[in-house]
Structures are given as structure tokens and as C-alpha cells.
Amino acid sequence: MTVISWELTEQSTIPWRTFDCFFFNTSEETRYQTYIGRFLGRVLEKAYGSSSISRKLSSEGANICDALAAAYCIDNSTMISHEDVHVEVETMSPLTMGQTILDRGQCYDGIERVKNVRWGTKINLEKYIGMLEAICLK
């Protein structure tokens, strides 16, 4: 199993200038909103409100977490590096139920656990953006 974590998606933002190209097709004659642009715009509006609000959330660029996970599923060479770790999901405590427990091997109890997950640590951003452009800029 491979995990594309939230932290990895935060490190792999799409520059705003590139992201904006997914919304509009501009040529010398015309500028129109793309089909993908209308769809992404509605998703972002539901999640964050206006696009100006989403830009305030990240000055670096757009964080498209589901697209990054899908890109990895389509082509796993999108991930440049990973770490093999032990992961469990808390199922007993009412306070932490459903939380991911990550053990990199330095657990306080000294027990050596089987490393059961590939935890993504770096992606090829150019490849990822290229995959998005191939889909969005048709």
C-alpha cells in the first residue's frame, strides 16, 4: 500500500500561473472557460469559497490532493522517493478513532513493527503538472 499524504500534497503545489491555465483557454481571438475549468471552479468554490480565498490559503500555489493521488495511480514513477513505514489506524479510542498512526521505527515502546506502507516523500512535480496539462488543456 502507498500513501500520498496531505503533507506531500502541500509540498507539491501547482504554481498559480499554471493552475489558472486549467481554467481558461486563451488565444489571440478568444478567451473562454474550459470544461475542466468550470468543473474545477465549482469544486473549489464549494471547498474554499471564492478563488481569492483559496489563494490566501497557499501563497505557493494550488494544492490538488486527489489529483496527485490519481497521478500516482496512473504512473507510479511520479513518486521520486518514499519511506517504508509501519502504519495503523486507531480503532479503539473514542478520542482518536480513525487517526493514522505512523511509526518510522523509533517508537517509544522499543517494539520493531513490520513496515507495511510505502509513505511518499517526494514527487516529480514537472511530471505531475504535465499529466494535469495533458488532461486539462485538451
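Structure report, in brief. Note that the structure is a prediction, hence the values are computed from the model and not measured. (Residues numbered from 1 in each chain as written. Predicted model: local features only at pLDDT ≥ 70, side-chain atom pairs only at ≥ 80, totals over all residues. Heavy atoms only, no water.)

1. Here's the deal with the sheet that holds strand 4 (residues 79-89)
Pairing between the strands of a sheet comes from backbone hydrogen bonds, and it takes one of two forms, parallel or antiparallel. Taking strand neighbours across the sheet as the criterion, the 4 strands line up as 1-6-4-5 in an open arrangement whose pairing is mixed. Because the sheet does not close on itself, it has two edges, and the strands there are strand 1 (2-3) and strand 5 (100-103). Sheet topology note: the strand 4/strand 6 (residues 117-123) ladder contains 6 bridges and is antiparallel. In the strand pairing of strand 6, serine 81 is matched with lysine 122. (Pairing = 2+ DSSP bridges. Helix = DSSP H or I, 4+ residues; strand = E, 2+ residues; numbered from the N terminus.)

2. Description of the pairing of strand 6
The side chains of a regular strand alternate between the sheet's two faces. Taken together, the 2 bridges between strand 1 and strand 6 define a ladder with parallel strand orientation. Residue pairing across strands places threonine 2 opposite arginine 118, the latter belonging to strand 6.

3. Regarding the nonpolar core
By size, the foremost hydrophobic cluster in this structure holds 21 residues, and its most contacted members are Ile14, Phe19, Phe22, Ile64, Tyr128 and Leu132. Those elements that place two or more of their residues in this core are helix 2 (16-21), helix 5 (65-74) and helix 6 (125-136). In terms of residues, this core owes the most to one element, helix 6, which gives 5 residues. For tyrosine 128, the contacting residues outside a window of four places in its chain are Ser12, Ile14, Ile64, Ala67, Leu68, Ala71, Thr78 and Ile123. Within the second largest apolar cluster, 5 residues are counted, among which are Val3, Val85, Val87 and Trp119. (Core = buried A, V, L, I, M, F, W, Y, C linked by side-chain atoms within 4.5 Å. Buried < 20%, exposed > 50% of the residue type's maximum accessible area, 1.4 Å probe, protein only. Contact = heavy atoms within 4.5 Å.)

4. A closer look at the side chain of threonine 9
By secondary structure assignment, the location of threonine 9 is in helix 1 (residues 6-11). A relative accessible area of 2% means that threonine 9 is categorised as buried. Ignoring sequence-local partners within four residues, the contact set of threonine 9 consists of Ile4, Asn63, Cys65 and Leu68.

5. Describing helix 5
Each full turn of the α-helix corresponds to 3.6 residues, which orients residues three or four apart in the same direction. Listed as buried for helix 5 are Ala67, Leu68, Ala71 and Tyr72. Each buried residue of helix 5 lies within a common arc of 140° when the element is viewed along its axis, so the set occupies one face. Of the residues in helix 5, the exposed ones pointing more than 90 degrees away from the buried face are Asp66, Cys73 and Ile74. (Arc of directions from axis to C-beta.)

6. Observations concerning the packing of aromatic side chains
The full count for this structure, using the stated rule, is 1 aromatic pair. Aromatic side chains tryptophan 16 and phenylalanine 19 sit 5.6 Å apart centroid to centroid with 80° between the ring planes, which places their arrangement in the edge-to-face category. Note that tryptophan 16 and phenylalanine 19 are positioned in helix 2 at a spacing of 3 residues, about one turn of the helix. Given the relative accessible area of 14%, tryptophan 16 is considered buried. (Phe/Tyr/Trp six-rings, centres within 6.5 Å; stacked < 30°, edge-to-face > 60°.)

7. Remarks on the packing of helix 5 against helix 6
Helix 6 packs onto helix 5 with a crossing angle of 95° between their chain directions and a minimal axis gap of 10 Å. Compared by their axis directions, helix 5 and helix 6 come out roughly perpendicular. Judged by residue contacts, Ala67, Leu68, Ala71 and Ile74 of helix 5 engage Tyr128, Met131 and Leu132 from helix 6. Within the contact of helix 5 with helix 6, the residues separate by chemical class into 7 nonpolar, no polar and no charged. (Axes fitted to C-alpha atoms, helices over the stretch in contact; angles between N-to-C directions. Parallel < 35°, antiparallel > 145°, perpendicular 65-115°, else oblique. Nonpolar A, V, L, I, M, F, W, Y, C, P; charged D, E, K, R; others polar.)

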